[in-house]
Amino acid sequence: MLPNTSDYKSSLIALTAHNWLLRISATTGKVLEKIYLASYCKFRYLSWDTPQEVIAVKSAQNKGSALAQQAGIQQPVLLYLAVFHVLPFSLIGILEINKKIFGSVTDATLSHGILIVMYSSGLVRLYSFQAITEQFMQQKLDLGCACRWGGTTGTVGEAPFGIPCNIKITDTPPLLFEVSSLENAFQIGGHPWHYIITPNKKKQKGVFHICALKDNSLAKNGVQEMECCSLESDWIYFHPDASGRIIHVGPNQVKVLKLSEVENNSAQHQISEDFVILANREKNKNENLPTVTASGRVVKKSFNLLDDDPEQETFKIVDYEDELDLLSVVAVTQIDAEGKAHLDFHCNEYGTLLKSIPLVESWDVTYSHEVYFDRDLVLHIEQKPSRVFSCYVYQMAHVKDFKQTDFLGGAVVRNPPASAEDTGSIPGLGRCHMLRSNWAGAPQLLSLHSRASVPQLLKPASLEPFSATREATATRSPHTTTRSSPRSPQLEKACVQQRRPNTAKKLKLKKKSCNNL
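Note that the structure is predicted; figures quoted are calculated from it, not measured.

As a further point, take the overall build of the protein chain. Across its full length, the protein chain holds four helices and 32 strands. Put simply, the protein chain has 517 residues, and 50% of those count as buried. A fraction of 56% describes how many contacts in the protein chain between residues 6 or more apart in sequence connect residues 24 or more apart. Accessible surface, the protein chain: about 25,300 Å² in total, of which carbon and sulfur atoms supply 52%.

Further remarks concern helix H3 (residues 129-136). Phe129, Ile132, Thr133 and Phe136 are the residues of H3 that are buried. Along the axis of H3, the buried residues cluster in a sector spanning 100°; they form a single face. Of the exposed residues in H3, those oriented more than 90 degrees away from the buried face are Gln130 and Glu134. Those residues of H3 hidden inside the fold are in contact with strand E6 (77-86), strand E7 (89-98), strand E8 (105-111), strand E9 (114-119) and strand E10 (123-128).

What follows is about the nonpolar core. Counting residues in hydrophobic clusters, the biggest one holds 26 residues, and the most contacted among them are Leu21, Phe43, Ile55, Val57, Phe84 and Ile163. Mapped by element, the contributors of at least two residues to this core are strand E1 (11-15), strand E4 (43-50), strand E5 (54-59), E6 and E7. The element best represented in this core is E6, accounting for five residues. In terms of nonpolar packing, the next biggest core, distinct from the first, is built from 24 residues, Leu78, Ile97, Phe102 and Phe136 among them.

Okay, the state of the cysteines next. The full count for this structure, using the stated rule, is zero disulfides. The thiol of Cys147 is not disulfide-bonded; the next cysteine sulfur, from Cys145, is found 9.4 Å away.

So, on to the pattern of salt bridges. In the structure shown here, the tally under the stated rule is nine salt bridges. The shortest N-O distance in the salt bridge between Glu273 and Lys255 comes to 3.8 Å. Within this pair, whereas Glu273 is found in strand E21 (residues 265-278), its partner Lys255 is found in strand E20 (residues 253-262), the two being separated by 18 residues in sequence. Connected through salt bridges with shared partners, the residues Asp241, Arg245 and Asp274 form a single ionic network.

Turning our eyes to something else, we now look at the sheet that holds strand E24 (residues 314-321). Backbone-to-backbone hydrogen bonds join strands into a sheet, with any given pair of strands oriented parallel or antiparallel. Read across the sheet, four strands follow the order E24-E25-E26-E27 without closing on themselves; strand pairing throughout is antiparallel. Each end of this open sheet is capped by a strand with a single partner; those strands are E24 and strand E27 (353-358). When the angles between neighbouring strand axes are averaged without regard to direction, this sheet yields 20°.

Turning our attention to the packing of aromatic side chains. Enumeration over the complete set of coordinates arrives at eight aromatic pairs. The interplanar angle of 35° and the centroid separation of 4.4 Å between the aromatic rings of Phe345 and Phe373 together place this pair among those described as tilted. Of this pair, Phe345 sits in strand E26 (residues 338-347) while Phe373 sits in strand E28 (residues 368-374), and the two are 28 residues apart along the sequence. A residue is classified by how much of its surface remains accessible, and Phe345, at 5% relative accessible area, is buried.

In regular strands, side chains alternate between the two faces of the sheet. The two faces of strand E19 (residues 246-249) match: Ile246 and His248 on one face and Ile247 and Val249 on the other face are all buried. Sheet topology note: the strand E18 (residues 235-238)/E19 ladder contains four bridges and is antiparallel. Residue Phe238 lies in a different strand from E19, and its bridge partner there is Ile246. Judged from the four bridges that link them, E19 and E20 form a sheet pairing that is antiparallel. If you follow Ile247 over to E20, its bridge partner there is Val256. Counted along the chain from E19 to the antiparallel partner E20, the turn is three residues long.

If you trace the backbone, Arg245 turns up in the loop between E18 and E19. Within polar-contact distance, the side chain of Arg245 engages the side chain of Asp241 at 3.0 Å. A distance of 3.0 Å separates polar atoms of two side chains, one belonging to Arg245 and the other to Asp274. Not counting residues within four places of it along the chain, the set of residues in contact with Arg245 comprises Phe238, His239, Val256, Leu257, Lys258, Asp274, Phe275, Asn348 and Glu349.

Turning our eyes to something else, we now look at the environment of Leu327. Considering the arrangement of structural elements, one finds Leu327 in strand E25 (residues 326-335). Judged by relative accessible area, Leu327 falls into the buried class, the value being 1%. Residue contacts for Leu327: discarding those within four places in its chain leaves His239, Ile247, Val256, Phe275, Asp319, Tyr320, Asp344, Phe345, His346 and Asn348.

Let's shift gears to the confidence of the model for the protein chain. For residues with low pLDDT, the predicted coordinates do not support detailed interpretation. Counting all residues, the mean pLDDT for the protein chain is 76, and 72% of those residues have values of 70 or more. Contacts from residues 402-517, a stretch scored under 50 in pLDDT, to residues over four places away or in other chains number 326 contacts.

Moving on: the sheet that holds E10. With antiparallel pairing, four strands are arranged side by side in an open sheet as E8-E9-E10-E13. The sheet is open, and its two edges are formed by E8 and strand E13 (175-180), each paired on a single side. When the angles between neighbouring strand axes are averaged without regard to direction, this sheet yields 20°. Here E9 pairs with E10 via five bridges, running antiparallel.

Attention now moves to unusual backbone geometry. A cis amide bond links Ala159 to the next residue, Pro160, at an omega of 5°. With respect to the element layout, Pro160 can be found in the loop between strand E12 (152-155) and E13. Cis peptide bonds are those with omega within 30 degrees of zero, and the linkage from His191 to Pro192 qualifies with -5°. Along the chain, the position of Pro192 falls in the loop between strand E14 (186-189) and strand E15 (194-197). One non-glycine residue, Arg387, lies in the positive phi region at around 60°. For Arg387, a relative accessible area of 36% puts it in the partly exposed group.

The next subject is the pairing of E24. The buried count for E24 comes to eight of eight residues, which makes it a mostly enclosed element. The pairing of E24 with E25 spans seven bridges and is antiparallel. Considered in E25, the bridge of Val318 is made with Val329. What sits between the antiparallel neighbours E24 and E25 is a turn of four residues, in which Asp325 has the positive phi angle 55°.

Cut-off values and rules
- Along every chain, residues carry numbers that run from 1 in the direction the sequence is written.
- Owing to the predicted nature of the model, reporting of local features is limited to residues with pLDDT of at least 70; listing and counting of side-chain atom pairs is limited to 80 or more, with chain, interface and lining totals taken over all residues.
- Only hydrogens and water are removed before side-chain values are computed, so all heavy atoms of the structure are retained for them.
- Numbering of helices and strands runs from the N terminus; a helix is a DSSP stretch of H or I covering at least four residues, while a strand is a stretch of E covering at least two.
- Burial classes: relative accessible area under 20% of the type maximum marks a residue as buried, over 50% as exposed, and values in between as partly exposed (1.4 Å probe, protein chains only).
- Between two residues, a contact is recorded if the distance between any of their heavy atoms is within 4.5 Å.
- Exposure was quantified through the Shrake-Rupley algorithm and a 1.4 Å probe, taking into account, for residues, occlusion by the shown protein chains and nothing else.
- The reported arc concerns the directions from the helix axis to the C-beta atoms and nothing else.
- By convention a nonpolar core is built from buried Ala, Val, Leu, Ile, Met, Phe, Trp, Tyr and Cys residues, the set being connected through side-chain atoms within 4.5 Å.
- By definition, disulfides here are pairs of cysteine sulfur atoms that lie within 2.5 Å.
- Salt bridges, as used here, are contacts in which a Lys or Arg side-chain nitrogen is within 4 Å of a carboxyl oxygen on Asp or Glu.
- The pairing criterion for strands is at least two bridges between them, as found by DSSP.
- For helices, the fitted axis covers only the stretch in contact; all axes are lines through C-alpha atoms, and the angles between them, taken along N-to-C directions, range from 0 to 180 degrees.
- Stacked, tilted and edge-to-face are the three classes assigned to paired rings of Phe, Tyr and Trp, where Trp is represented by its six-membered ring and a pair needs centres within 6.5 Å; plane angles under 30 degrees give stacked, over 60 edge-to-face, the rest tilted.
- Pairs of N or O atoms within 3.5 Å make up the polar contacts considered here, provided that, within protein, one atom can donate a hydrogen while the other can accept it, and that residues adjacent in sequence are counted only when both atoms are side-chain atoms.
- Per-residue confidence from the prediction method is given by pLDDT, with values spanning 0 to 100.

Here it is as structure tokens:
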């Protein structure tokens, strides 16, 4: 049984610019808990370690004072990681990343119980956070309890005492795995475990190798390279639906790949296409046609349009909604002076287009954008110059006397199960949204759902008729917001995830109660 009645209700976790961690009621906005982290560093990044179970709060990197930098004095501690259980909310500990132990490390993060340490050479090393905690925790600390630390007595989690750093690694912990990859891009997933890397050479950018984790062997057809010519590179990641599939996204196509055993050789696995989503493009009739000069000489064109040319429909964002089991794809086309975007919903199993929703607002391809789809909400967050953020909210509403689901004017094509035993389209309990990045600066919100809310999520509300309404608001972010942040890849099944570089670097988290904010 959870100790407080508030632990049974959905809540938001917010990190402020002044090192306060808040737990806020998602329905009333009331602050349920207020925890002061520390005064010895600035915490800036908030993310899930294990979705809905453990959160990790990462500090900014410690670069030392200006005088120390001029004198060439390096700070041994690079950053700190504060780790908490969320149900009930309790402290695990604060871990320091020390260069004396890990060497010339450039960044570190925590996900799915794995400590990931990255180096400028492209090396990525993985360690067990549980083993580190058991071996190097100096003292168990409890929030709200009196503590004596370093000759000072105070209450853990209250200002000005905060939370002491109680996990200090004094010796190199056991290494689980290491690999070298371009820009530290590394992911683990699939069934059985495989990992994706880019060979650590600049000329290999855009080439992805899919290898078995147990023996580092390359899967059959495991070299994936999208034949495209574009300004922005394609990106690849393991599907967040825990199916073991892989999503490879380019400017004009989305490939969903599956991992399967090679026939007559169960020890080896192969990569094959499950389905492909193509952009809606009209072929130019004059494209690649030779030009004949007055003298009769045939001149062939030596170039074509880029695959991500603004005048062609281009994929910008691909996401997965776990409860509806849908893939959402944002496609953008530049029409005259402004861009127009539409959000397409595809069947996650077969890739069939179910519904296309035009976004009312224009889409400037020079701005940073994020689009989130969560149950009955679609959020479009746009970052404009001078730190101006616009948030466009689309929400489905119940409408009577409709026999089909409607969203911004047309009927959704339904694909009912072939039989009552086919539950593939029914949302399950184990899925979660993919984490996109660790960007933070101003207060951040992390949506937390108690187990008691699960029955509500399983109600067949999606079978009810809907129509769409839209609201839009624009807000200016606080001047304390910082746009620059160290590279902090996330894990999917203990792996680092990558995101398309032109998208907004904001924290992507569960947002079940966005309409209550």
